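Residue strings, one per chain:
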Amino acid sequence: MPPKPKFTEEEIVSCALEIVRESGIDALAARTVAKRLGTTTTPIFTFFSGMDELKEAVCDRVRKMFIAELKESLGYEPAFKAFGMRFIRFAKHEPNLYRIVNTEGIDIVHPERFRAEFREIFDPMCGEIGRTFGLSEHDAMNLMNRMLVFANGIAAFESIGATDLSDEELGPVLSEVCLSMVLMYKTRDGSITPQIANALTNNRDRLPVPKRRPAEGNE
């Protein structure tokens, strides 16, 4: 009867994830994982056919972490602004993991593909945008798409340390871009009024810092 493995598959993936988090995916090697675990490489290859398979498991874990972070936005109001801020914060605080998301995980460069795969996040956001600004479903979806691309651009800079925006600085940036686009859509469809134009151009507080929604049944 073969001896019981000293480490579980979960423990090996978690160890590999920490190495990637600290040093990037290129630093992931069998000997590096084994040294961190204090063992030989044998336990690794008990569960994985090779390092490519272990890397796939790590990338899948990162992808799930990122989606869980974005799903938390649904518990805040406005959810779509919380979404943008969480997206960027992930890149800022987990740069090596964000690079995996951006290159091997989720297609955030093509928002339509993002929506197709993560409809449970994307559609509620679009619904909230439509209700908040009185936009059609089509325009709300386009706005969400554009903001996703914009957030990814800031996230890319944050992930390499090219910029370091606090929440107080990031919030107005996201608000200004979002409200400018709302103004464009409303001008195009003829629903703009002087009052709406004034509110959109002068009131960045229209999109405050997101706050957690009250639990159901509580006021």
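Residues numbered from 1 in each chain as written. Predicted model: local features only at pLDDT ≥ 70, side-chain atom pairs only at ≥ 80, totals over all residues. Heavy atoms only, no water.

1. Points about the overall build of the protein chain
- When its secondary structure is counted, the protein chain shows 11 helices and two strands.
- When its helices and strands are written in sequence order, the protein chain yields α-α-α-α-β-α-α-α-α-α-α-α-β. (Helix = DSSP H or I, 4+ residues; strand = E, 2+ residues; numbered from the N terminus.)

2. Some words on unusual backbone geometry
- Put simply, E77 and P78 share a cis peptide bond, and its omega is 0°.
- Note that P78 resides in the loop between β1 (76–77) and α5 (79–93).

3. Points about helix α1 (residues 9–23)
- The terminal C-alpha atoms of α1 lie 21 Å apart, and with 15 residues this matches the ideal 21 Å at 1.5 Å per residue to within 8%.
- Looking one or two residues beyond α1, the residue adopting positive phi is G24, at roughly 95°. (Expected span 1.5 Å × (residues − 1).)

4. Comments concerning a negative patch on the surface
- On the surface, E9, D52, E53 and E56 cluster together into a patch of negative charge.
- Here the negative patch takes three residues from helix α4 (residues 51–71), the largest share from any one element.
- Along the polypeptide, E9 turns up in helix α1.
- Owing to a relative accessible area of 40%, E9 belongs among the partly exposed residues under this scheme. (Patch = residues over 30% accessible without salt bridge, like charges linked within 9 Å, V, L, I, M, F, W, Y side chains within 5 Å. Areas by Shrake-Rupley, 256 points an atom, 1.4 Å probe, with all protein chains shown as cover. Salt bridge = Lys/Arg side-chain N within 4 Å of Asp/Glu carboxyl O. Lys, Arg positive; Asp, Glu negative; His and termini not counted. Charge placed at Lys NZ, Arg CZ, Asp CG, Glu CD. Buried < 20%, exposed > 50% of the residue type's maximum accessible area, 1.4 Å probe, protein only.)

5. Things to note about the packing of helix α9 (residues 137–159) against helix α10 (residues 167–189)
- It is at 11 Å that the axes of α9 and α10 come closest, and there the two elements cross at 150°. Taken together, the axes of α9 and α10 are roughly antiparallel relative to one another. Here α9 and α10 pass one another in a crossing that is right-handed. Within the contact between the two elements, α9 uses D139, N142, L143, R146, M147, F150 and I154 and α10 uses L170, V173, L174, V177, C178, M181, V182, Y185, R188 and D189.
- The class makeup of the residues in the contact of α9 with α10 is 12 nonpolar, one polar and four charged. (Axes fitted to C-alpha atoms, helices over the stretch in contact; angles between N-to-C directions. Parallel < 35°, antiparallel > 145°, perpendicular 65-115°, else oblique. Left-handed = near helix turned anticlockwise from the far one by under 90°. Contact = heavy atoms within 4.5 Å. Nonpolar A, V, L, I, M, F, W, Y, C, P; charged D, E, K, R; others polar.)

6. With respect to α4
- Here α4 spans 30 Å end to end across 21 residues, near enough to the 30 Å set by a 1.5 Å rise per residue.
- Along α4, the residues that are buried comprise M51, L54, V58, C59, V62, F66, I67 and L70.

7. A word on the packing of aromatic side chains
- Under the counting rule described, the total for this entry stands at four aromatic pairs.
- Taking 5.0 Å as the distance between ring centres and 65° as the angle between the ring planes, the aromatic pair formed by F66 and F90 counts as edge-to-face. Remark: F90 occurs in helix α5 and F66 occurs in helix α4; sequence separation between them is 24 residues.
- By way of ring pairs, the aromatic residues F66, F83, F87 and F90 are connected into one cluster. (Phe/Tyr/Trp six-rings, centres within 6.5 Å; stacked < 30°, edge-to-face > 60°.)

8. Describing the pattern of salt bridges
- Within this structure, the stated rule accounts for 11 salt bridges.
- Between E94 and R21 there is a salt bridge, and its shortest N-O distance comes to 3.0 Å. With E94 in the loop between α5 and α6 (95–105) and R21 in helix α1, the pair connects residues that are 73 residues apart, well separated along the chain.
- For R21, a relative accessible area of 27% translates into the label partly exposed.

9. Things to note about the nonpolar core
- In terms of nonpolar packing, the biggest core is built from 61 residues, with L28, V33, L54, V58, F83, F87 and L143 touching the most fellow members.
- Put simply, the parts of the chain that give this core at least two residues each are α1, α2 (30–37), α4, α5, α6, α8 (119–133), α9 and α10. (Core = buried A, V, L, I, M, F, W, Y, C linked by side-chain atoms within 4.5 Å.)

10. Overview of the confidence of the model for the protein chain
- Here the protein chain averages 85 in pLDDT, and 85% of its residues register 70 or above.
- Mean pLDDT per element in the protein chain: helix α11 (residues 194–202) is the minimum at 63, and α1 is the maximum at 96. (pLDDT = per-residue confidence, 0-100.)

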